[in-house]
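# Observations on the model geometry
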Amino acid sequence: MRRFLTSQAKGLVDHTTRRQHHKSPSFLSLLTPQSRPLAPLSSLSRLLSSTSEMAASSDSTSSLPVTLDSINPKVLKCEYAVRGEIVNIAQKLQEDLKSNKDAYPFDEIIYCNIGNPQSLGQLPIRFFREVLALCDHSSLLDESETHGLFSTDSIDRAWKILDQIPGRATGAYSHSQGIKGLRDTIAAGIEARDGFPADPNDIFLTDGASPAVHMMMQLLLSSEKDGILCPIPQYPLYSASIALHGGSLVPYYLDEATGWGLEISELKKQLEEARSKGITVRALVVINPGNPTGQVLAEENQCDIVNFCKQEGLVLLADEVYQENVYVPDKKFHSFKKIARSLGHGEKDISLVSFQSVSKGYYGECGKRGGYMEVTGFTSDVREQIYKMASVNLCSNISGQILASLVMSPPKPGDDSYDSYMVERDGILSSMAKRAKTLEEALNNLEGVTCNRAEGAMYLFPRMNLPQKAIEAAEAEKTAPDAFYCKRLLNATGVVVVPGSGFGQVPGTWHFRCTILSQEDKIPAIVNRLTEFHKSFMDEFRD
């Protein structure tokens, strides 16, 4: 980032000198040169000043002991495209828009880069928030007015949860795996979902699914000779975590032509190739429903995957955070644990770690940072080491723990909140399905763009057949062609998407990831902006 800011500051100075007798362009057009509406000089001066100050600060602190050359090289290797360069540019634009609305051909930045539903207008589930409020401010439970403001089942649930927390204090540390009573509730929810027993002692409550993934990578990876089979395209958490913990990402490519299918033959090919290079492959990551690709695995395919892991001695890392997000009638979510148990594979047959989060589904409680991993098929001495790692972080936050238990045990028929809860849940999921279909159709109507069906999750991952002139223009700017496209899209429309190169893709193909989370009244504007931009882009670079 420091190098980026320094180079951009120099570019801004040079550009200002060249055009000192003219109006100055908007900040982003300096990054992607093109004809754009012009911003006032004062606007550019502020951006120039802040950027120059940061660059100057970098220069003035060069004698400090920590430099890019002295920090852990694994950190430099780590990348996370979902909040990368394009999002940084968008945030600067958003700031500039506050004082220079007339400088741009759009009046707002629309963030379609990350699965963050509530930031885009989705409301939280009322029952969940009522229980959280009562647990955090438990004195409300003693007030008579509370019964007129809160549902009876949220009051009952809050009492039950508080009774499970030592001292009834949500501000206190908990057991490092999470509050035992909440893990009991989650285990019961897993058992109800799968039809097979679940043990609360197998559950580790975490601050979202991401820390759980990091924990498993830390456990499994000791050097570059340890590898993780990871889907391409993949959610960049996995490549970043593998890089941070010094392992090797062993890619297996999903088949776009078959709806992002996961072929066992591809797994075998990549496993054998990695082993021939001296890499010990420790685990297989499967994201179902898929991120960024949106596919939902067929049950038969899941059976093949489980058997493959059992035969090859691989830990199965099952990312199942989108299990509630299935939008097509011919597909259904099945947990990998359910599949393994239905095949007769028990604790001694396969090592399986399942990840769940309160950030996705219909709840979208990203900022509450709640989640868990269910760890099965590990020996007691290894489980002690996992517990030790959890203990280093003391515990996950209590609000996230409570939410994780609520997600796995929502209101049931007969409860006071049940009817309103179902209206909220079904309304959110049906709206997501509608938005996914609208965006999918719009993308497939663009010249040279194909987009697979959105079966689940929160994203579309269209493929672009970019003109050769556009590819050459991107190469001239030393950027990936899909990143070039996404920057131009942002500059022209204010719409933020993530280049496919940040997720991995078959070499020579170009994609971008777009969320389906903007509210329905925003979707037509997104479609119109994208359609107009794409036509202009293709006309400009047509071969």
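Residues numbered from 1 in each chain as written. Predicted model: local features only at pLDDT ≥ 70, side-chain atom pairs only at ≥ 80, totals over all residues. Heavy atoms only, no water.

For the record, the criterion: UniProt positions are given in the numbering used here, feature names are shortened, and annotations may be inferred rather than shown by experiment.
As recorded by an unreviewed UniProt entry, the chain carries the name alanine transaminase and is attributed to Capsella rubella. Entered under Subunit (unreviewed entry) in the UniProt record, the comment concerning the chain runs "Homodimer." UniProt, in the comment section headed Cofactor (unreviewed entry), describes the chain in these words: "pyridoxal 5'-phosphate".

## Digging into the overall build of the chain
Inclusion rule: Secondary structure elements follow DSSP: runs of H or I no shorter than four residues count as helices, runs of E no shorter than two count as strands, and numbering proceeds from the N terminus. Any residue under 20% of the maximum accessible area for its type is buried, any over 50% is exposed, and the rest in between are partly exposed; the area is computed with a 1.4 Å probe on protein chains only. Residue contacts follow a heavy-atom distance rule, with two residues in contact if any of their heavy atoms lie within 4.5 Å. Each accessible area is a Shrake-Rupley estimate made with a 1.4 Å probe; only the visible protein chains count as cover when residues are assessed.
Scanning the chain for helices and strands turns up 20 helices and 16 strands. Residues classed as buried in the chain amount to 55% of the 543 residues present. Considering only residue pairs separated by 6 or more positions, the chain has 72% of its internal contacts joining residues 24 or more positions apart. For the chain, the accessible area works out to roughly 23,400 Å², and carbon and sulfur atoms hold 51% of it.

## Observations regarding the nonpolar core
Cut-off, in case you're wondering: The set of buried Ala, Val, Leu, Ile, Met, Phe, Trp, Tyr and Cys residues whose side-chain atoms join them within 4.5 Å is what this entry labels a nonpolar core. For the domains described, the bounds stem from an automatic or database domain assignment.
In this structure, Phe128, Leu317, Phe355 and Met373 are the most contacted members of the largest nonpolar core, which totals 122 residues. If one sorts the elements of this core by residue count, helix H17 (residues 418-444) sits on top with nine residues. Residue assignment places this core across two domains, with domain 2 (99-120 + 426-541) and domain 3 (209-357) each supplying three or more. Discounting residues that sit within four places of it in the chain, Phe355 has contacts with Ala209, Ala212, Val213, Met216, Tyr238, Leu317, Ala318, Asp319, Glu320, Val321, Tyr372 and Met373.

## Points about the packing of aromatic side chains
Test applied: Between the rings of Phe, Tyr and Trp (Trp by its six-membered ring), a pair exists once the centres lie within 6.5 Å; its type follows the angle of the planes, with under 30 degrees stacked, over 60 edge-to-face, and the other angles tilted.
Taken as a whole, this structure holds 15 aromatic pairs when the rule is applied. Measuring from centroid to centroid gives 5.7 Å for Phe533 and Phe537, while their planes differ by 40°, and the two rings are tilted. You can see Phe533 and its partner Phe537 sitting in helix H20 (residues 523-541), four residues apart, about one turn around the helix. A relative accessible area of 7% places Phe533 in the buried class. Look at Phe537 and you get buried, because its relative accessible area is 1%.

## Let's talk about the environment of Ser222
Spelled out, the test is: Whenever two N or O atoms come within 3.5 Å, that pair is a polar contact, provided that in protein one can donate a hydrogen and the other can accept it, and provided that, for residues adjacent in sequence, both atoms are side-chain atoms.
Take Ser222: it is sitting in the loop between helix H10 (209-220) and strand E5 (226-232). Separated by 25 residues in the primary sequence, Ser222 and Gly247 place their C-alpha atoms 6.8 Å from one another. One polar contact links Ser222 to Asp226, side chain to side chain, over a distance of 2.6 Å.

## Some remarks on H20
Note the threshold: Helix span, as expected, comes to 1.5 Å for every residue beyond the first. Each direction from the helix axis to a C-beta atom contributes to the arc, which is the arc of those directions.
A rise of 1.5 Å per residue sets the reference length of H20, with its 19 residues, at 27 Å; its end C-alpha atoms lie 27 Å apart and thus fit the reference within 8%. Buried within H20 are the following residues: Ile523, Ile526, Val527, Arg529, Leu530, Phe533, His534, Phe537, Met538 and Phe541. In a view along the axis of H20, the buried residues occupy a sector of 165°, so they form one face of it. For H20, exposure combined with an orientation more than 90 degrees from the buried face picks out Glu532 and Lys535. Contacts from the buried residues of H20 go to strand E3 (110-111), H17, strand E11 (449-450), helix H18 (468-476), helix H19 (481-493) and strand E14 (495-496).

## A look at the pairing of strand E7 (residues 280-287)
The side chains of a regular strand alternate, first on one face of the sheet and then on the other. To be explicit about the condition: Strands are treated as partners if at least two bridges between them are detected by DSSP.
Most of E7 is tucked away, with six of its eight residues classed as buried. Bridging between E5 and E7 involves four bridges; their strand directions are parallel. Counterpart to Ile228 in the pairing with E7 is Ala283. Here five bridges tie E7 to strand E8 (residues 315-319), and the two strands are oriented parallel to one another. Paired with Ala283 across the strands is Val315, a residue of E8.

## Considerations on the side chain of Glu256
The residue Glu256 is located in the loop between strand E6 (248-253) and helix H12 (264-276) in this model. Once residues lying within four places of it in the same chain are set aside, the contact partners of Glu256 are Asn452, Phe461, Arg463 and His511.

## Notes on the packing of helix H5 (residues 85-97) against H19
Packed helix pairs are characterised by how far apart their axes lie and by the angle those axes make with each other. What counts, and what does not: Fitted lines through C-alpha atoms serve as axes, helices being fitted only where they are in contact, and the angles separating the N-to-C directions of these axes extend from 0 to 180 degrees. An angle below 35 degrees is read as roughly parallel, one above 145 as roughly antiparallel, one from 65 to 115 as roughly perpendicular, and any other as oblique. Note: crossing handedness is left-handed where the near helix turns anticlockwise from the far helix by less than a right angle, and right-handed where it turns clockwise.
Packing of H5 against H19 brings their axes to within 10 Å, and their N-to-C directions diverge by 10°. Between H5 and H19, the interaxial angle falls into the category roughly parallel. For the pair H5 and H19, the sense of crossing is right-handed. In this structure, H5 uses Glu85, Ile86, Ile89, Ala90 and Leu93 to contact H19, whose residues at the interface are Ala483, Cys486, Lys487 and Leu490.

## Concerning the pattern of salt bridges
Put simply, the rule is: Here, a salt bridge means any Lys or Arg side-chain nitrogen found within 4 Å of an Asp or Glu carboxyl oxygen.
Going through the model one piece at a time under the given rule, you end up with 24 salt bridges. Here Glu312 ties to Arg275 by a salt bridge, and the two come within 2.9 Å at their closest N and O atoms. Of this pair, Glu312 sits in helix H13 (residues 299-312) while Arg275 sits in helix H12, and the two are 37 residues apart along the sequence. On the accessibility criterion, Glu312 (26% relative accessible area) is partly exposed.

## A word on the sheet that holds E6
Read from one edge to the other, the open sheet built from seven strands follows the order E4-E10-E9-E8-E7-E5-E6, with strand pairing classed as mixed. This sheet does not close on itself; its edge strands, each paired only once, are strand E4 (203-206) and E6. The average undirected angle you get between the axes of adjacent strands in this sheet is 20°. Bridge count between E5 and E6: six bridges; the pairing is parallel.

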